[in-house]
Amino acid sequence: MATTTSPTAFVIFGGGGDLTWRKLVPALYNLWLDGALHEPFRVIGVDLKEMTPADFTARLRDGVDLFSRRGKAEEEPWARFAEHLSYLRADFADKAAFAALAAELDGLDRAWEAPAVRVFYLSTPPSVVRPLVQQLCDAGLAADRERARIVCEKPFGHDLESARELNAFLNGLLPESQIYRIDHYLGKEPVQNILAFRFANTVQEPLWNRRYIDHVQITVAEAVGVESRGGYYDHAGALRDMVQNHLLQVLCLVAMEPPVTFDADELRNKKMDVLRAIRRPGPELVQNHVERGQYSAGWVRGERVPGYREEPGVDPASTTETFVALKLWIDNWRWQDVPFYLRTGKRLPGQASEVCIQFRPVPHQAFPASAIGEMEPNRLLLRIQPHEGIVMRFQAKRPGSSMRLATVETLFSYDSAFGTSEPEAYETLLLDVVEGDATQFMRGDQVEEAWEVVLPFLQYWQQQGSADLPRYPAGTWGPESAHGLIARDGRVWVVPSSLEEP
Ligand code: BG6
């Protein structure tokens, strides 16, 4: 793992919130344990909540105990790490609070006898992003173009228009190089590995095109419901929450052209080309390309769970989708006529994110019918989580005197190949911010283009109203209509390999 090389001040707005507790501080703690986070550094939580420094530290410790990939924190290292934590109670509308923050940061520079990299992490609702960035700029905190970096959490806008407005606002105050729009999927090892797998292996790249590939499926299934985030989710839904960002970013990596260099803008330009090439279905065709659903009460992994409309923070008459399935086309030479099927949902039978590349059938079947009973097309399965790795499924001859084929597989698993536990996505991405590497972050134009891709579906649903919102029992693979979407093309959804019955 890379290491940071300069002193760093992390300022987390929304320091008392869920993300800081669940993801950000466990990630920083693990980076520090791994020696990847250079001393000196400080983590300043900023929030409106009334909390003593001791309360703040205790809450973060609780988050590490619950969510760190290493499990519970040990006393002695945690105590040393906790010395780097501080809490500032502030109203984001209060100028004096930003002056106090600036004084604290200047004090750190003096104490460290070096100008620290300043990471301002906006782990806040989208509505406060603008006033917050304005305050940071007014207080001169973003003035140093080299060392001040602003990290924006998703959702980045609520639709194309609001994303454009937000980009215009941010770009009016800051150069693009200071803005890090985070999509944590891009920090996941198996997602980053898609580039390595495609472009560092001569045998792969020539196969990834319309000549050999029948279709691609991207599934991001979650067993959990909306948990404590009903208030946010009910205004977002699966298309905005997952497809506009995570699934489209994975699609870009699967579909992009080979980059010339590994430079941030080169990679992002290649992804932009994919987004621009995704067909926008017109009003007469859009209904053949999308299905949505909302979970009702049911059973997930042996546990009885409530329906979406019974979840805290959710409108009891909500028509927000918790499941979406899409068919997309990429209009370019490589992918013409190869459908990309995407689906994601909450309260599905299990948690699994996987890309399935299904190859075309052999052009001529020379084997007798008796040999090919259970023949399956060749499939390449990129397991993003859990059981991270890659599975290649192909045909082999069953041992015996007659020719009979069977589907077998080879497996690359991170666990057995590398042995170590992989860094969490947020670890990788936080380190990238400190190092000023924006490769795995979304540029403003990418975010807008991704909104353009989902726009026809959002508009279609808006016109359609709530009349046609299918429900699916929790613990199933979404509404019946989602199966229809792919079955109409003579295909079926492939159950993610990590959820297959043994
Ligand atoms: C977040 C979404 O971006 O990703 C959540 O807002 C979702 O709704 C989460 O649960 C899934 O992330 P992961 O890493 O658990 O697959």
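Preceding this paragraph is the structure being described.
Residues numbered from 1 in each chain as written. Predicted model: local features only at pLDDT ≥ 70, side-chain atom pairs only at ≥ 80, totals over all residues. Heavy atoms only, no water.

Draft legend 1. Geometry of the nonpolar core. Residues F13, F120, L248, F340 and L342 are the most contacted members of the largest nonpolar core, which totals 107 residues. Top element by residues in this core is helix 9 (residues 238-255). It accounts for 12 residues. If sequence neighbours within four positions are ignored, F13 has contacts with V46, F92, F98, L101, F120, Y121, L122, S123, T124, L132 and L136. Among the nonpolar cores identified, the runner-up in size contains 38 residues, and A27, L28, L429 and L430 belong to it. (Core = buried A, V, L, I, M, F, W, Y, C linked by side-chain atoms within 4.5 Å. Buried < 20%, exposed > 50% of the residue type's maximum accessible area, 1.4 Å probe, protein only. Helix = DSSP H or I, 4+ residues; strand = E, 2+ residues; numbered from the N terminus. Contact = heavy atoms within 4.5 Å.)

Draft legend 2. Spotlight on the layout of surface pockets. Looking at the second largest pocket, its volume works out to about 650 Å³. What lines the second largest pocket is a set of 30 residues, and nearest its centre among them are E189, Q192, N193, Y414 and P423. Residue assignment for the lining of the second largest pocket shows that the elements contributing at least two residues are helix 7 (189-199), strand 15 (389-397), strand 16 (405-413), helix 11 (414-418) and helix 12 (425-435). By residue number, the principal contributor to the lining of the second largest pocket is helix 7, which donates six residues. Across the lining of the second largest pocket, the residue classes tally to 16 nonpolar, eight polar and six charged. (1 Å grid on protein atoms, 1.4 Å probe; cavity = no way out; pocket = protein on both sides within 12 Å on 5 of 7 lines; lining within 4 Å. Points joined across faces, edges and corners; volume = space filled by probe spheres on them. Nonpolar A, V, L, I, M, F, W, Y, C, P; charged D, E, K, R; others polar.)

Draft legend 3. Expanded view of the packing of helix 6 (residues 160-173) against helix 13 (residues 444-464). Viewed as axis vectors pointing N to C, helix 6 and helix 13 meet at an angle of 170°, and their least axial separation amounts to 9 Å. Taken together, helix 6 and helix 13 sit at an angle that is classed as roughly antiparallel. Residues L160, A163, R164 and N167 of helix 6 form the contact with helix 13, whose participating residues are G444, V447, E448, W451, E452 and L455. Of the residues contributing to the contact of helix 6 with helix 13, the split by class is five nonpolar, two polar and three charged. (Axes fitted to C-alpha atoms, helices over the stretch in contact; angles between N-to-C directions. Parallel < 35°, antiparallel > 145°, perpendicular 65-115°, else oblique.)

Draft legend 4. Local environment of the site of the ligand. Looking at the ligand, the residues that line it are K154, H184, Y185, K188, E222, R229, D241, M242, H246, K346 and Q385. Measuring from an oxygen atom of the ligand, one finds a side-chain N or O atom of E222 at 2.5 Å. In the complex, the protein chains occlude 83% of the 400 Å² of accessible area that the ligand would expose alone. For the shell around the ligand, the element with the highest residue contribution is helix 9, accounting for three residues. (Near = heavy atom within 4 Å. Polar contact = N/O pair within 3.5 Å; in protein donor to acceptor, adjacent residues only side chain to side chain. Areas by Shrake-Rupley, 256 points an atom, 1.4 Å probe, with all protein chains shown as cover.)

Draft legend 5. Spatial organisation of empty space enclosed by the protein. Tallied over the entire structure, the rule returns five cavities of 30 Å³ or more. As for the largest cavity, its lining consists of P190, N193, I194, F197, L382, R383, G389, I390 and Y414. Those elements that provide at least two residues to the lining of the largest cavity are helix 7, strand 14 (379-385) and strand 15. Ranked by residues supplied to the lining of the largest cavity, first place goes to helix 7 with four residues. Taken together, the residues of the lining of the largest cavity break down into six nonpolar, two polar and one charged. Taken as a whole, the second largest cavity spans an internal volume of roughly 50 Å³. For the lining of the second largest cavity, the residue count by class is five nonpolar, two polar and three charged.

Draft legend 6. Focus on the pairing of strand 14. With seven of its seven residues buried, strand 14 lies for the most part within the structure. One ladder, built from six bridges, connects strand 13 (residues 352-359) with strand 14; its direction is antiparallel. In the sheet register, Q358 faces strand 14, and the bridge partner there is R379. When strand 14 meets strand 15, the two strands line up antiparallel, connected through five bridges. Directly across from L380, in strand 15, lies its bridge partner M392. (Pairing = 2+ DSSP bridges.)

Draft legend 7. Layout of the packing of aromatic side chains. If you walk through the whole model with that rule in mind, you get 21 aromatic pairs. Seen in terms of ring centroids, Y29 and F81 are 5.0 Å apart; in terms of plane orientation they differ by 65°. Their pairing is edge-to-face. Taken together, the residues span a long stretch of sequence, with Y29 in helix 1 (residues 18-33) and F81 in helix 3 (residues 75-82) at a distance of 52 residues. F81 carries the same exposure label as Y29, and that label is buried. Geometrically, the ring pair formed by Y295 and Y472 is edge-to-face, given 6.4 Å between the ring centres and 65° between the ring planes. Taken as a pair, Y295 in strand 8 (residues 290-296) and Y472 in strand 17 (residues 471-473) lie far apart in primary sequence, 177 residues in all. For Y295, a relative accessible area of 0% corresponds to the buried category. Through pairs of rings, three or more aromatic residues link up here, namely Y29, W32, F41, W78 and F81. The ring centre of Y185 lies 4.6 Å from the NZ or CZ of K188, which sits over that ring. (Phe/Tyr/Trp six-rings, centres within 6.5 Å; stacked < 30°, edge-to-face > 60°. Lys NZ or Arg CZ within 6 Å of the ring centre and 35° of its normal.)

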